[in-house]
Amino acid sequence: MNYFLYQLQFNTAVHFGASDSALSLHHSQMHFRADTLFSALCHTVLQLDGEAGLNRLVQLASGGALLLSDSMPWEEDRFYLPKPIYAPQAVAEIPGEKRKALKKLVWIPVEAFPDFCAALRTGAFVDIPATAFGTEVDAVKAAVPETEDSLPYPVGLYRFFDGRGLYFLLGCEDQADGEWLASRIRALGLGGIGGKTSAGFGKFEVKKAAFLNKSGDAQAQWLYRALTTPAPRSMLLTSSLPRDDELDAAMQDACYQLVRRAGIVASNALPEGTRKKQTQYFFSAGSVLASRFTGDVYQVGPRNTHPVYRYAKPIFLGVAL
């Protein structure tokens, strides 16, 4: 498998709504998940390549020749991974003033990740300062019905600080497919990702596209080894869902959190009131499993309509836990 790291620099504020919230429009998460990225790529490919391109993308993903991670933050030249969802195996002696900060910690720098995993095993204390990648901001938009007065409504946005953004990992078996996807990812940045792209939010540039298989960067080298070397346990980098026949084995000795995935189909081909996607619950990125699974690309649209796809195939990171 060829692994690529796409480092995104956002030119605008973003809106990544939480699908577990009834007021997801009012707030924005800091990052997007792999199914959001795949859905956005489907729309971009459909616009550029038509049905043939969409079928190519779906077949690559369904067959496991294309893998995507959730997005994760970067700061200057430092990349971060999700904090492992894993119960410490030894009692750590943590200074009182650090205990609350450690509980709130969400992201671990790649360079500190091995030490953090070792601390979960041994009870040693690793001091990892919390990092602010941006800030939430509010905007007011207006709905303008044809025959009524405009109706203002709030939109929650997230704006990254300078020198910060998001990255994701892409695995691709064939180099030609990787080059095709690279141009589509750059095209996606022009239109934006997430919610309210029609209002100009979510636009990005690809700051760097690194080939992890052959990289001189220490972080990239460590990531590639962790992606390809067998380890006692595996941590999800993709919020994803096993197939029914994989679920029992995946849950055995697993430490996980569930995240709700729902949403609205972005298609004018469907009438209003019929655009809700089916709801599913995924293992969240950061979940630690003893057994790996392959997942699937699920059909989640309303019945008797055109296909609506939700990506749920994982990228695993080997971890010594």
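As the structure is a computational prediction, the values presented were derived from the model and not from experiment. (Residues numbered from 1 in each chain as written. Predicted model: local features only at pLDDT ≥ 70, side-chain atom pairs only at ≥ 80, totals over all residues. Heavy atoms only, no water.)

1. With respect to helix α5 (residues 218-228)
Now for step 1: Regarding α5, the residues found buried are Gln219, Ala220, Trp222, Leu223, Ala226 and Leu227. Projected onto a plane normal to the axis of α5, the buried residues spread over an arc of 160° and lie on a single side.
Now for step 2: On its buried side, α5 packs onto β1 (2-10), β4 (78-82), α3 (113-122), β8 (164-172) and β16 (316-319).
Now for step 3: The N-capping residue of α5, defined by a side-chain oxygen 3.1 Å from the backbone nitrogen of Gln219, is Asp217. (Buried < 20%, exposed > 50% of the residue type's maximum accessible area, 1.4 Å probe, protein only. Helix = DSSP H or I, 4+ residues; strand = E, 2+ residues; numbered from the N terminus. Arc of directions from axis to C-beta. Contact = heavy atoms within 4.5 Å. Polar contact = N/O pair within 3.5 Å; in protein donor to acceptor, adjacent residues only side chain to side chain.)

2. Some details on the confidence of the model for the protein
Now for step 1: Scored by pLDDT, the protein has a mean of 88; 88% of the residues are at 70 or more.
Now for step 2: At the low end of the mean pLDDT range in the protein sits helix α2 (residues 96-104), at 73; at the high end sits strand β2 (residues 66-68), at 98. (pLDDT = per-residue confidence, 0-100.)

3. Points about the side chain of Ser69
Now for step 1: By the secondary structure assignment, Ser69 is in the loop between β2 and β3 (72-75).
Now for step 2: Of the polar contacts made by the side chain of Ser69, one reaches the backbone nitrogen of Leu169; its length is 2.8 Å.
Now for step 3: Contact partners of Ser69, with chain neighbours within four places excluded, come to Ala34, Phe168, Leu169, Leu237, Thr238 and Ile315.

4. Describing unusual backbone geometry
Now for step 1: Phi at Glu76 takes a positive value of approximately 55°, unusual for a residue other than glycine.
Now for step 2: Among the secondary structure elements, Glu76 is positioned in the loop between β3 and β4.
Now for step 3: Unlike most non-glycine residues, Lys196 shows phi in positive territory, near 60°.
Now for step 4: When you line up the elements, Lys196 lands in the loop between α4 (175-191) and β9 (204-211).
Now for step 5: Accessibility expressed as a relative area gives 27% for Lys196, which makes it partly exposed.

5. Things to note about the packing of aromatic side chains
Now for step 1: As enumerated under the stated definition, the model contains 14 aromatic pairs in all.
Now for step 2: Seen from their ring centres, Tyr6 and Phe168 are 5.4 Å apart, and the 10° between their planes marks the pair as stacked. Highlighted residues: Tyr6 in strand β1 and Phe168 in strand β8, separated in sequence by 162 residues.
Now for step 3: For Tyr6, a relative accessible area of 3% puts it in the buried group.
Now for step 4: Judged by its relative accessible area of 0%, Phe168 falls in the buried class.
Now for step 5: Residues Phe113 and Trp222 carry aromatic rings whose centres are separated by 5.8 Å and whose planes lie at 65° to one another, so their mutual orientation is edge-to-face. (Phe/Tyr/Trp six-rings, centres within 6.5 Å; stacked < 30°, edge-to-face > 60°.)

6. Topic: a nonpolar patch on the surface
Now for step 1: Taken together, the side chains of Met251, Tyr256, Leu258 and Tyr281 define a hydrophobic patch exposed on the protein surface, amounting to about 380 Å² of accessible area.
Now for step 2: Mapping Leu258 onto the fold places it in strand β11 (residues 258-261). (Patch = residues over 30% accessible without salt bridge, like charges linked within 9 Å, V, L, I, M, F, W, Y side chains within 5 Å. Areas by Shrake-Rupley, 256 points an atom, 1.4 Å probe, with all protein chains shown as cover. Salt bridge = Lys/Arg side-chain N within 4 Å of Asp/Glu carboxyl O.)

7. A look at α3
Now for step 1: Buried residues of α3: Phe113, Phe116, Cys117, Ala119 and Leu120, and no others. For α3, the angular spread of the buried residues around the axis is 155°, confining them to a single face.
Now for step 2: Once α3 ends, the next one or two residues include Gly123, with phi positive near 90°.

8. With respect to the pattern of salt bridges
Now for step 1: For the structure shown, the criterion picks out 9 salt bridges.
Now for step 2: Arg164 is the salt-bridge partner of Glu75, the closest N and O atoms lying 3.3 Å from each other. Here the residue Glu75 occupies a position in strand β3, and Arg164 occupies one in strand β8, the gap between them amounting to 89 residues.
Now for step 3: Judged by relative accessible area, Arg164 falls into the buried class, the value being 17%.
Now for step 4: Note that Arg243 and Glu246 form a salt bridge whose closest N and O atoms lie 3.5 Å from each other.
Now for step 5: Through salt bridges with shared partners, a single network forms among Glu75, Arg78, Glu111 and Arg164.

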